[in-house]
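# A closer look at the structure
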Amino acid sequence: MAITDAPKIITSRFEYDDSHTLARYQDTQGYDGLRAALDRRPDEVLEEVKTASLLGRGGAGFPAGVKWGFCPPGVWPRYLVVNGDESEPGTYKDRILMERDPHQLIEGVLIACYAIGCAQAFLYVRGEMAVAQERIAEALNEAYAGGYVGKGILGTDFSVDIVLHWGAGAYIVGEETALIESLEGNRGLPRLKPPFFPAAKGLYLQPTVVNNVETLANLPWILREGGAAFAALGAESSKGTRMFAVSGHVKNPGVFEVEFGVTTFRDLLYAPVYGGGIRDGNQLKAFIPGGASAPWFYEEHLDLPLEKGAVDKAGSMLGSGAIVVMDDTTDMVRAALRVVRFFARESCGKCTPCREGTSWLEKILERILDGHGRRSDLDLLLDVCDNISPGIAWPPKQTTICPLGPSAVSPIASAVTRFRDEFEARLGGGPVPVTVDMAGLAYVPSPSRAAEEVAS
Amino acid sequence: MARLTPENIELAREIIGRYPRPKSALIPLLHVAQEQDGYVAADAMEHLAELVGVTPAEVLGTCSFYEMFKREPVGRYVVNVCTNIACLVLGGEELLHHAEQTLGVKAGGTTADGLFTLEDVECIAACTEAPCLQVNYRYEHRISHEGFDALIEDLREGRRADIPPHGTLARVRQRVPAASAAGPARPGECGEPVWVFARPAPPKDG
Ligand SMILES: Cc1cc2nc3c(=O)[nH]c(=O)nc-3n(C[C@H](O)[C@H](O)[C@H](O)COP(=O)(O)O)c2cc1C
Ligand code: SF4
Ligand code: FES
């Protein structure tokens, strides 16, 4: 089978300009999956999803049907929280799904609520995504008017409200227990584990299923075509199709839906229909296979299939389907610093190893880049990494409440180990010339102060 | 400065009514306050505390955690340049430095005329479209230095009606007609949903 033969499961409507409207959705088998679900018992729908072996697309790759089954029996109400906080550097798929096909997501939410028995659903959309918020609001308004959402859906006894909720800018809120805290109106601090799954105790300490946008967007197709048809695509534990964002130094960056488990990194980076190869005839230096939290991959990993088990075994993860390509012109010290700075900025501050460790890493890398690095700094970097995540192993050991802290370790350990010579070349050379033009005021008065200063 | 206007109080009550517990509405309400004034004023936070039944300190606690809430006036246009990894490798930092020169302020600052606030931000989920930025959370993909200057010129001249002033997030709001609402599911008030107990799973063998 050619790499492009797999059906488009979640991006099938992207070719239409009006793909976000109810009219287009209804013309293209929209809400047929919901109808198929409502013709069956909730437990049968759950079985269908288990048959599909749909893995979560948010990062951890946990099977959706299994997670739904973790809700303790007899405890009501249950909630569904949709994780639309997409902020992992390199990741660009949930936003496009929300902007281009909001009804598909709404239908997926309804199918999940029906199967799990959720009395209310919350669609948590990242705050910075204004267009996605508008498209979903519009779609929900249409869906309520059309009788697809709310009381007595499609004339049945199935009733559920979907509440569109906006975030306000914090990467950590993507972690599911922080997401729930945020949805309760609090600061987005992850909760202590156990319980390991909010399915046991989540929103208001009730059973709560948290699923990623892309995960849920697969459900209409699964209910329409059957879980077996979904499981016929892909390989090993990775079934169906999956979206990957290929960014960085490729000729043709883009978001592609490909068959999961069989397509390789080489296909995605080099095939003319996908990445199209490295730009300007340059050589590949490294690539991030699954978002900023993933250890880096190199030339020798190109023939790995995009399959969860295979990538885990090779020492990284597919994470959120975010592939960032770096060619041989890339300054690895700068790249490593930028990734660490992200984690330092976004650490919620609850655990010492993460809060202190990430900012230490940032400071050390900054001074290396500025030409003040000490001979001992590379070992110090690895020592700090080891304190955040003992052994610097994969999967990482955790001394912290959530995986954000250890996530900062993997890319740094990757870069320092693989490109140690590049880091060493920066050490002890004394200050480097100033490359950044320092135009602009160091102190900028606020508009009101500026007005006062002008007036006086 | 300002407490919520009567229309916004009504809107706030409507939003609160969708959630099982009032405090859950806090972040959306902080957005309403920010839309009203362009930033979240101290009085607005006190007002929200009254509306959702928590202390003003709790509102401040939540508000101060999230990047998007500005507790001091900012420019009419907040320009967020992404410098994270996918943008970095395609010139995101250079774009930011160019923006600093064009606007005459360092990242984090506001121009003296109060029009622009420049920010250096983390990944905004447009990585395949690098380098990229947002103006009031609306995207500009694959933007060059010349493109940036043209954008700023257009904004100064009022030619970008598609970009509302800072604070206005989505111009379309969810509206749930009372007649079709299923209503919030409050803990302690809900039993097994009717569609579940009306269609029980058959007993397992054995
Ligand atoms: C620091 C951190 C950030 C995360 N960010 C996101 C995110 O933006 N979107 C997302 O869907 N999952 C994110 N996750 C994963 C969620 O915790 C959770 O596993 C996921 O939403 C579950 O959905 P799924 O099973 O459908 O993948 C993040 C996890 C961590 C630790
Ligand atoms: S690991 Fe970091 S982000 Fe996660 S809870 Fe601890 S301090 Fe917060
Ligand atoms: S890294 Fe710039 S948008 Fe993702």
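All values derive from a computational prediction rather than experimental measurement. (Residues numbered from 1 in each chain as written. Chains lettered and ligands numbered in written order. Predicted model: local features only at pLDDT ≥ 70, side-chain atom pairs only at ≥ 80, totals over all residues. Heavy atoms only, no water.)

### Focus on the packing of helix α2 (residues 26-37) of chain B against helix α3 (residues 42-52) of chain B
All names here are of chain B. For clarity, the cut-off: The convention used is that axes are lines fitted to C-alpha atoms, helices contributing only their stretch in contact, and that angles between N-to-C directions extend from 0 to 180 degrees. Numbering of helices and strands starts at the N terminus; helices are DSSP runs of H or I of at least 4 residues and strands are runs of E of at least 2. Two helices that cross are described as forming a left-handed crossing if the nearer one is turned anticlockwise from the farther one by less than a right angle, and a right-handed crossing if clockwise. Contacts are assigned to residue pairs with any non-hydrogen atoms lying within 4.5 Å of each other. Throughout, the ten residues Ala, Val, Leu, Ile, Met, Phe, Trp, Tyr, Cys and Pro are labelled nonpolar, Asp, Glu, Lys and Arg are labelled charged, and all others, Gly among them, are labelled polar.
Running from N to C, α2 and α3 point in directions that differ by 145 degrees, and their axes come no closer than 10 Å. As α2 packs across α3, the resulting crossing turns out to be right-handed. Across the interface between the two elements, Leu26, Leu29, Leu30 and Ala33 from α2 touch Ala44, Met45, Leu48 and Val52 from α3. For the contact of α2 with α3, a count of residues per class yields 8 nonpolar, no polar and no charged.

### Focus on the sheet that holds strand β10 (residues 322-327) of chain A
All names here are of chain A. Inclusion rule: Two strands pair under a simple rule: DSSP has to find at least two bridges between them.
The strand order across the open sheet built from 4 strands is β8-β7-β10-β9, with neighbouring strands paired in mixed fashion. The two strands at the open ends of the sheet, each matched to only one other strand, are β8 (254-259) and β9 (284-288). Averaged over neighbouring strand pairs, the angle between their axes works out to 25 degrees when direction is ignored. Judged from the 6 bridges that link them, strand β7 (residues 241-248) and β8 form a sheet pairing that is antiparallel. Paired with Val246 across the strands is Gly254, a residue of β8.

### Remarks on helix α1 (residues 6-16) of chain B
Residue and element names in this part refer to chain B. We count it as follows: Using a 1.4 Å probe on the protein chains alone, a residue whose accessible area is under 20% of its type maximum counts as buried, one over 50% counts as exposed, and one in between counts as partly exposed. Here the arc refers to the set of directions running from the helix axis out to each C-beta atom.
Among all positions in α1, only Asn8, Ile9, Leu11, Ala12, Ile15 and Ile16 are buried. Looking down the long axis of α1, one finds its buried residues gathered within 165 degrees of arc, a one-sided arrangement. Of the residues in α1, the exposed ones pointing more than 90 degrees away from the buried face are Pro6, Glu7, Glu10 and Arg13. On its buried face, α1 is in contact with α2 and α3.

### Focus: the sheet that holds strand β1 (residues 77-82) of chain B
All names here are of chain B. Pairing in this open sheet of 4 strands is mixed, and the strands run β2-β1-β3-β4 from one edge to the other. Looking at which strands have only one partner, the edges of the open sheet turn out to be β2 (116-121) and β4 (138-140). Across the sheet, the mean angle separating the axes of adjacent strands is 25 degrees when strand polarity is ignored. Note: β1 against β2, 6 bridges, orientation parallel. Counted as the bridge partner of Val81 is Asp120 from β2.

### Some words on the confidence of the model for chain B
As a reminder of what qualifies: Confidence of the prediction at every residue is given by pLDDT, a number between 0 and 100.
Chain-level pLDDT for chain B is 96 on average; 99% of the residues reach the 70-or-more range. Note on the complex model: pTM 0.95, ipTM 0.97.

### Observations regarding the site of ligand 1
Residues and elements named next belong to chain A. What counts is decided by this rule: Summary of the distance rule: residues count as near a molecule or strand when at least one heavy atom falls within 4 Å of that molecule or strand. Throughout this description, a polar contact denotes any pair of N or O atoms lying within 3.5 Å of each other; where both atoms belong to protein, one of them has to be capable of donating a hydrogen while the other can accept it, and for residues adjacent in sequence the pair is counted only when both atoms sit in side chains. In these tables, accessible area is a Shrake-Rupley quantity obtained with a 1.4 Å probe, and a residue counts as shielded only by the protein chains included in the view.
In the vicinity of ligand 1 lie 17 residues, with Gly58, Lys67, Asn211, Asn212 and Thr215 positioned nearest. Contact between ligand 1 and Asn83: an oxygen atom at 2.9 Å from a side-chain N or O atom of the residue. Between an oxygen atom of ligand 1 and a side-chain N or O atom of Asn212, the distance comes to 2.7 Å. Across the complex, the protein chains shield 90% of the 610 Å² of accessible surface that ligand 1 would expose by itself. Looking at which element gives the most residues to the shell around ligand 1, the answer is strand β4 (residues 208-212), with 3 residues. Split into classes, the residues belonging to the shell around ligand 1 amount to 3 nonpolar, 8 polar and 6 charged.

### Brief notes about the pairing of β2 of chain B
With respect to burial, β2 of chain B is a largely interior element, 6 of its 6 residues being buried. Here β2 of chain B shows no split at all, with Phe116, Leu118 and Asp120 of chain B on one side and Thr117, Glu119 and Val121 of chain B on the other all buried.

### A look at the site of ligand 2
Residue and element names in this part refer to chain A. In plain terms, the rule: The method works on a 1 Å grid over the protein atoms by themselves. A cavity is a set of points holding a 1.4 Å probe that cannot get out, a pocket is an open set with protein on both sides within 12 Å along at least five of seven lines, and residues with an atom within 4 Å of a point line them. Placement in a cavity or pocket follows one criterion, namely that more than half of the molecule's atoms lie within 2 Å of its grid points.
Neighbouring ligand 2 are 13 residues; Cys348, Lys350, Cys351, Cys354 and Cys402 lie closest to it. When each cavity is represented as a set of grid points, ligand 2 is found to reside in the second largest cavity. Of the residues contributing to the shell around ligand 2, the split by class is 8 nonpolar, 4 polar and 1 charged.

### What to know about the interface of chain A and chain B
Put simply, the test is: In short, buried area is how much 1.4 Å probe accessible area vanishes from two parts on joining, totalled over both. What makes a salt bridge here is a side-chain nitrogen of Lys or Arg within 4 Å of a carboxyl oxygen of Asp or Glu, nothing more.
Counting from both sides, the interface comprises 98 residues of chain A and, opposite them, 83 residues of chain B. In total, chain A and chain B occlude about 7,300 Å² of area from one another, counting both sides; carbon and sulfur atoms represent 59% of this. Arg171 of chain B is the salt-bridge partner of Glu134 of chain A, the closest N and O atoms lying 3.2 Å from each other. At the boundary of chain A and chain B, one finds 40 residue pairs in polar contact (both at pLDDT 80 or more). Class assignment for the residues of the side of chain A that touches chain B results in 52 nonpolar, 24 polar and 22 charged.

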